[in-house]
Each structure stands twice: as C-alpha cells, then as structure tokens.
Amino acid sequence: MRRPLWMASKKASAIATSARPIYTSSQRPINSCTPFRPTILKSNLQQSSRRSYADNVAPVAKRRGRGFFRWTWRLTYLSAIGGLAYLSYTIYAIRTPRDQFEPHPSKKTLVILGTGWGSVSLLKKLDTENYNVIVVSPRNFFLFTPLLPSCTTGTIEHRSIMEPVRSILRHKKATVKYYEADATKIDYEKKVVYINDDSDIKGETSSTEVPFDMLVVGVGAENATFGIQGVKENSCFLKEVGDAQKIRKRIMDCVESAGFKGQSPEERKRLLHMVVVGGGPTGIEFAGELQDFFEEDLRKWVPEITKDFHVTLVEAMDKVLPMFSKQLIDYTEKTFKEESITIRTNTQVKKVNEKTIEAEWKKADGTKEKESIPYGLLVWATGNAVRPVVKDLMNQIPAQKDSRRGLAVNEYLVVNGAENIWAVGDCAIANYAPTAQVASQEGAFLARMFNSLAKTETINTELATLSDKQSRELDKDKRTVILGEIKALQKSLRRVKQIGPFEYSHQGSLAYIGSERAVADVSWLSGNFASGGTLTYLFWKSAYLNMCFSSRNRVLVILDWTKAKLFGRDVSRE
C-alpha cells in the first residue's frame, strides 16, 4: 500500500531536521543556503596547538640528543682505534729496525763520551751518515733521572725509566759503534781517548785507545761531598740506578731492624729517622716519595713503626727549592709541615758518623749551635763535582786553568782553548744551571750545528767541482748553466751557515712534594706561571710522561703507576 505524498514529505523533513547541527544562542544563525562550518573553541585550538608542538618538536630534540651522544661515542671509539693503531705502529717500528750502512772511511770520526741527557739528545737528532760516530760510556742505557726518586720506594721500577743505548743507535741511518767502557784519559795533543773495560767479565783486551777528529764530552759529574768527612762511607747518593736500589733496600733494612726483638726505644727512633741532605728538587721529591711510602703502605703492613717513623730534610741555605718563586717555596714548606716532614734550613753538615750527623745550626739571631742528629738512612742529594777525566783534560789546556766546576765553553759549546772538543751537560760551564733540561737543549744544538757543518763541507766540495768545471768549459750556454748552479749552491750555503750561538730556553721547573701534590714554575708567554696542588701534580705526571725517551718508557711508567695505585708498593727487601 502506497503512502500518501504528504506523509513521505513529512518524514523526509524530520530526517533533515535531525541531521542539522545544534547551535547555541550566542552563535550567529546560519541561513539554510550557507554551507556548514563548525565553530572551534579557543581552548580547544590551544590544546591542539600544544599537542602539535609536542608531537613535532619533542622527537626532534630527542633525535638531536641521541645524535650528539652517538657522534661523541663514534669520535671516542675512532680516537681509541687510532691511538691503538699508532701505538702498534710505534711498537712495530721499535722492534724492527731497518738495515744500516757503513759511513765512508774518509768522513771525520766523531767520538761522544757518555750516554746522559746531552749525549743522547745529540745522538737522537744527529745525521750519523755524515760522520763515523763512536759512543763510549760505562752505562749502556739512557736513564730518565727526573723519575729516579720514585724508584727508591717502588712507585716505579727502575727498568721502566731506562732506554738501552743499542736501541737508540740501531735506529740511526748509518752504523754507530758503541764501546761499553770508561774513558780514563783524553789526550788533547794526540787526539786520542783512552778507554778501559770495567765490567766483571773481560776479554783479551780490556783497555785501548780511540782516535778522534771531533770529540764531545758529556760524562756528567760526580756527587759533591764538599770534603766533609764520612759522607762517602756512610751516606747514599741518588744519581744512578744502583743508588736507587741501594736506598730501597736500606729503607726496608731500617724498618725490619727496628722491629727486631729487644730493640730499645731510642734505637728504634734512630733506625726509623730518615734524613735527606739537600733542599733541591731531588731531595724534595725523595722526601715526598718516602713520606708517601710510609703513609700509604708501611703504616698498613708494619703498624708498630707508626709512632717512630720520621723524615727530616736538611738544607744549608735559608730556603729550599731556590730556583722556584717564594710563593711555591712557602707552599712546599706548608705541605711538608702537613705531612709531618721536618725542614731544617740554615743547617750545615760538618761530619757524618756511622749513626749520627754532626751539624751546625744557625739561629735567627746569627749565633751558631752544634748538635748531633741520629739517623737510620742518610741520603745525600747536594751539588756536583768534576770527574777525574774532565779534571785531567782541564789541566792539559792552558785556557782552562781558572775553571773549577767543569770545562769552560764558549757560546757554541766549544771548550775554551780547544778547536775540536765540545762539552755538554754537567761537565760544562755555560752560565746555566746543571739540569737535564739544559743538557738536552745543548745536545740538540750540537746536533743541528754538526749537521750544518757536514752540509757546508758537502756544498763547498760541490762548489769547487763546479768552479773547476766552468773554468774548463768552452761553450757559453753550458758555462751559463754552471754559473746558475754555483749561485744556487752559494745561496744554500748562506742559509746553512745561519746558525747562531746556543741560547737556553727555560721551559719551567717541576717538583713533586708528596700527597699527590706538586709545584710548577712554568714559562708562559712573556712571564712565568706558578702553581701548586693536585692539578699541578697531574700536570707533573703528564709533563714527565711526555719527556720520556720512547713510547716503551711511557707505557711502562703508566703501568707502574697503575700497579702502585691498585696493589700498593712492594714492602719486600729485595
């Protein structure tokens, strides 16, 4: 049955009415012909905007953060790989030296005495193919002396700061001869060095002579005792590896003897009283290392010595570390006081007995008082004295008659009164302090000068050949070409000869004062930068690592420091 038309239209109208949106009275009425545009509230718009910002910006920030850490990790990872690759290559280069060639016999013979800072610095930068080089030294290794005080307490093993001479010489382009012997005499007139083999095992020949055209004296100096009775017999020095080993044994001997059954309290205090004579960097560093050894290790394993163990530093001058600024001297004295290390300034040692030191103390009012200082260990870390071979050479040269502390040299390190002899290091007097830094720069200067001399001789030979060739040449064009070559060589000759006199560049002074603190007086731009404390101690470590001769030494020193930090120092006697 079909519905009426009026009922169908009514139903359609109802459906259309229910589909229309419902508006509030505050909204504008919409005509039926106007298209549908729903109104969005302002609060809804703000919320939508915030959600849109959070959805878009937050992931970008997260991605940027993750990207930063990702690239940082990659950079660290690649740096570690690069460092490992460089270390591996360095080790490979050290372990596999290249073939060498023999210099021509017509070249001059350059003899170098000693394997200290000056001599090794010279060898390191010398072009050995220009000379027949011969090295003579009773010590077949280079010793990094700034870290020697650390060897006395086991912080560093002595072989970690030794570099074999054979390893140094084997990596040169041309062959270098080495004789493990002691230079007993230098004959200046005959140009001969007499050497003697002092090793325990000798061959058929134990003494011979080595002729030279050029001679570099770098034998160093002896420990100065200032003629004080009993110093050589009763004290320990700190200049060689054997000295550090002797001190290490002596420390434990004193500790174990102090704990022996029936020992009197007075004798215990004497045995555990460690006296250091000398307020320079060596004496200061040894005193600091010794106190660290007691605080960090001996106190733990031998607690019964805690009350009696004591370190005293004796200095004849009115202050320690005279090469440092007053600010750092005061800081060092304050630090030693905190560490319970006694500093005795203005105290001169007059005599050394087997168990006591006879000293003279200058009071503030100028009066002097004598006293006896008992000791168990005495370490003598004072100045230098001339070696016998150097003293004999000084007596042969009239220009050296007024010299007392070593060979007087000119601005080119040539020994005064001798044309073919140079001197470097502690055996030379060049108006600079006898330090490793000075000796190293002197050796490097001589290397540059000898390299320049060799180039000069080569250029002069080539000039003489070209000049003779031009004089016999008849063709004009060829003569012009030869003349151009001569002018180029003359220009090169002027450039090679531009080597001025030796000038020392002071890089600064460093000293470890114990308790992981150090002092540094470093040259910075046009002035000095003085600092002290834990950060300076880290700088002291990094500076000494950088100064080590080879990568091998650096790795071994780092391992020793790590081992001592993790497991402590060894308290065994040997």
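Because the structure is a prediction, the values reported are computed rather than measured.

A. Geometry of the overall build of the protein chain. Along the backbone of the protein chain there are 15 helices and 25 strands. Counting across all 574 residues of the protein chain, residues that qualify as buried make up 41%. Here the contacts in the protein chain between residues at least 6 apart in sequence split such that 64% fall between residues at least 24 apart. Accessible area of the protein chain: about 33,900 Å², with a carbon and sulfur share of 55%.

B. Quick look at the nonpolar core. Ranked by size, the top nonpolar core spans 66 residues in total, and within it Leu-147, Ile-161, Phe-309, Leu-377 and Trp-540 carry the most contacts. No other element matches helix 7 (residues 241-258), which puts eight residues into this core. When residues no more than four places from it in sequence are discounted, the contact partners of Trp-540 are Leu-147, Glu-285, Leu-510, Ala-511, Tyr-512, Ala-518 and Trp-561. By size, the runner-up hydrophobic cluster in this structure holds 57 residues, among which are Tyr-131, Val-414, Ala-418 and Met-449.

C. The arrangement of the sheet that holds strand 8 (residues 207-211) in detail. Spatially, three strands are ordered 6-7-8 in an open sheet, and the strand pairing comes out antiparallel. The open sheet has two free edges, formed respectively by strand 6 (182-187) and strand 8, since each of these has just one partner strand. Each strand of the sheet is rotated relative to its neighbour by a mean of 25°, with strand direction disregarded.

D. A look at the sheet that holds strand 18 (residues 377-380). With respect to topology, five strands assemble into an open sheet ordered 11-18-12-13-14, the strand pairing being parallel. The open sheet terminates on both sides in strands that have one partner only, identified here as strand 11 (236-237) and strand 14 (341-344). As paired strands, strand 11 and strand 18 are joined by two bridges and run parallel to one another. Each residue of the ladder has a partner; that of Cys-236, found in strand 18, is Val-379.

E. Geometry of the pattern of salt bridges. Applying the stated criterion across every chain, the model contains 16 salt bridges. Across the salt bridge formed by Glu-338 and Arg-517, the nearest N and O atoms sit 3.2 Å from each other. With Glu-338 in helix 10 (residues 326-338) and Arg-517 in strand 24 (residues 517-524), this residue pair connects regions lying 179 residues apart in the sequence. Since its relative accessible area comes to 17%, Arg-517 is described here as buried. The salt bridge involving Lys-363 is made with Glu-369; its shortest N-O contact spans 3.0 Å. What makes Lys-363 partly exposed here is its relative accessible area of 32%. Several salt bridges share partner residues, and in doing so they unite Glu-296, Asp-297 and Arg-569 into one network.

F. Structural view of helix 9 (residues 281-301). Across its 21 residues, helix 9 extends 29 Å between first and last C-alpha, which sits within 8% of the 30 Å expected from 1.5 Å per residue. Along helix 9, the largest kink reaches about 40° and is centred on Phe-294.

G. The arrangement of the environment of Pro-501 in detail. Looking at where Pro-501 falls in the secondary structure, it is placed in the loop between helix 13 (476-496) and strand 23 (508-514). Residue classification places Pro-501 among the partly exposed residues on the basis of a relative accessible area of 37%. Considering only alpha carbons, one finds Pro-501 and Leu-413, 88 residues apart in sequence, at a separation of 8.5 Å. Not counting chain neighbours up to four residues away, the residues in contact with Pro-501 comprise Glu-411, Tyr-412 and Phe-445.

H. Inspection of the packing of aromatic side chains at higher detail. Scanning all chains against the criterion turns up 17 aromatic pairs. Between the aromatic rings of Trp-117 and Phe-144, the centroid separation amounts to 5.5 Å while the plane-to-plane angle is 55°, which identifies the pairing as tilted. Pair noted here: Trp-117 is in helix 3 (residues 117-125) and Phe-144 is in the loop between strand 3 (141-143) and helix 4 (148-151), with a separation of 27 residues, a long-range link. Considered together, Trp-117 and Phe-144 belong to a single accessibility category, that of buried residues.

Cut-offs used in this document
- Each chain has its residues counted from 1, running along the sequence as written.
- Under the rules for a predicted model, residues below a pLDDT of 70 receive no local features and side-chain atom pairs below 80 are neither given nor counted, while totals for whole chains, interfaces and linings still include all residues.
- No hydrogens and no water enter the side-chain calculation; it runs on all heavy atoms of the structure.
- Segments assigned H or I by DSSP are reported as helices when at least four residues long, segments assigned E as strands when at least two residues long, and all are numbered from the N terminus.
- Note on exposure labels: buried denotes an accessible area under 20% of the residue type's maximum, exposed denotes more than 50%, and partly exposed covers the range between, all computed with a 1.4 Å probe on protein chains only.
- Should any heavy atoms of two residues lie within 4.5 Å, those residues are counted as being in contact.
- Here, Shrake-Rupley sampling with a 1.4 Å probe gives the accessible areas, and only protein chains in the shown set may cover a residue.
- Within this scheme, the nonpolar core is defined by two criteria: the residues are buried Ala, Val, Leu, Ile, Met, Phe, Trp, Tyr or Cys, and they are joined through side-chain atoms within 4.5 Å.
- A strand pair is defined by DSSP finding two or more bridges across the two strands.
- For helices, the fitted axis covers only the stretch in contact; all axes are lines through C-alpha atoms, and the angles between them, taken along N-to-C directions, range from 0 to 180 degrees.
- We define a salt bridge as a side-chain nitrogen of Lys or Arg found within 4 Å of a carboxyl oxygen belonging to Asp or Glu.
- The span one expects for a helix is its residue count, reduced by one, times 1.5 Å.
- What we call the bend at a residue is the angle made by axes fitted to the seven residues finishing there and the seven residues starting there.
- Here a Phe, Tyr or Trp ring, Trp counted by its six-membered ring, pairs with any other such ring whose centre lies within 6.5 Å, and the pair is stacked when the planes are under 30 degrees apart, edge-to-face when over 60, and tilted otherwise.

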